[in-house]
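Now for the letters of each chain:
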Amino acid sequence: MPGSTGKTATTGSEQAARKPARRTTGRTAGEADGKTTTKPARKTTGRTAGKTTGKAAPSRSGGTTRRGRTGYAYVYGVVPADVETEPGTLGVDDGEVTLVRHGEIAALVSDIVLDRPLGRPDDLLAHEQLLDATASEVPVLPFRFGAVMTGPKEVVEELLAPHHDEFLAALEELEGRAEYVIKGRYVEPVIIREVLDENPEAERLREEVRGQPEEATWDARIRLGQMIGEAVAAKRDADTQELVDAVAPLCVAVSVREPTHEQDAAYVAVLVDEERQDEFDEALDDLGDRWAGRIGLRLLGPLAPYDFVAAPQPEG
């Protein structure tokens, strides 16, 4: 099982590297020792496209025309007004990402043509990558995928102006902080052995069904599966609490997520101050060492802070 010992780190959302790649955290996969953290350059956002030739230039005063149809404004989220985008940054449907400013805040937008339904894997990935790359550089209030408005004027009048103070206060709260997700995954043979050693009845059932036809031991197999599932769930609760206890004193906020896999040991989102990043990494390293061979830990981030903000969503 990959990442079964110690701790590995993945930047962003477990996707391929994107430009600009400003920061990695903790340990990189394959490097068991040594930090690879670098500090990001401030006030730049997004991912830089390799080629932009042939793409329509974005408009700041209304829709653009691409493929012969009127475009709309796709909204990713809100950032401070002093942010600048990297030239050639592309978003959903390869639209070039720009900023629509109002007061002390700005919306990250790109032109989009609604000549097909949104929701392809590439659309979701572009949305996620743009916001995660932004979060590695500056505070950002992320919007859910699929937020489209009729144009920059509406972005200002219907989104930024009515919520200016609310958005600004939330951005100030996020300044110097980043979300990370910690995922723990049990090493399957180890956790099963642990359950059987602690539960004689489960061990007895295991021996009863060993080498026997499934149809002849169906009830016993179902009972064994239930017993193992319940035991793993109890261990997950305990291990998740151990993880929270280890990192919570070093975090601004902690949010426990629901497991996504039966072998999940823990799935926790945290909001961390940059000033406490080294302490946080050390605490997670210590836990990874204690859990080595039993639980593999992965640190994902920095990510857009979906777990810790609830920004109003734009209406198209």
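Residues numbered from 1 in each chain as written. Predicted model: local features only at pLDDT ≥ 70, side-chain atom pairs only at ≥ 80, totals over all residues. Heavy atoms only, no water.

Asker: How should I be thinking about the side chain of histidine 164 in this particular structure?
Answerer: Along the chain, the position of histidine 164 falls in helix H3 (residues 164-174). Given the relative accessible area of 14%, histidine 164 is considered buried. A polar side-chain atom of histidine 164 sits 3.1 Å from a polar atom in the side chain of aspartate 165. With residues near it in sequence (within four places) discarded, histidine 164 still touches His102, Gly103, Glu104 and Ile105. (Helix = DSSP H or I, 4+ residues; strand = E, 2+ residues; numbered from the N terminus. Buried < 20%, exposed > 50% of the residue type's maximum accessible area, 1.4 Å probe, protein only. Polar contact = N/O pair within 3.5 Å; in protein donor to acceptor, adjacent residues only side chain to side chain. Contact = heavy atoms within 4.5 Å.)

Asker: Sorry if this is basic, but what is going on with the confidence of the model for the protein chain here?
Answerer: Summary statistics for the protein chain give a mean pLDDT of 79 and a share of 76% for residues scoring 70 or more. Model confidence for the protein chain, summarised as mean pLDDT per element, is weakest for strand E3 (residues 65-66) at 35 and strongest for strand E13 (residues 264-273) at 97. Scored below 50 in pLDDT, residues 1-6 shows 19 contacts in the model against residues more than four places distant or in partner chains. Residue range residues 9-70 is modelled with pLDDT below 50. Its contacts to residues more than four positions away, or to other chains, number 163 contacts. (pLDDT = per-residue confidence, 0-100.)

Asker: Mind showing me how you'd approach the nonpolar core here?
Answerer: Grouped burial of nonpolar side chains is what soluble globular proteins tend to show. Counting residues in each nonpolar core, the largest one holds 33 residues, and the members touching the most others are Ile182, Leu243, Val247, Val270, Phe280 and Leu284. Only strand E11 (177-186), helix H4 (188-198), helix H5 (200-209), helix H6 (218-247), E13, helix H7 (277-291) and strand E14 (295-303) provide two or more residues apiece to this core. Not counting chain neighbours up to four residues away, the residues in contact with isoleucine 182 comprise Leu243, Val247, Ala266, Tyr267, Val268, Val270, Phe280, Leu284, Leu297, Arg298 and Leu299. Counting 20 residues, the second-largest nonpolar core is a separate cluster that includes Ala73, Ile105, Leu160 and Val309. (Core = buried A, V, L, I, M, F, W, Y, C linked by side-chain atoms within 4.5 Å.)

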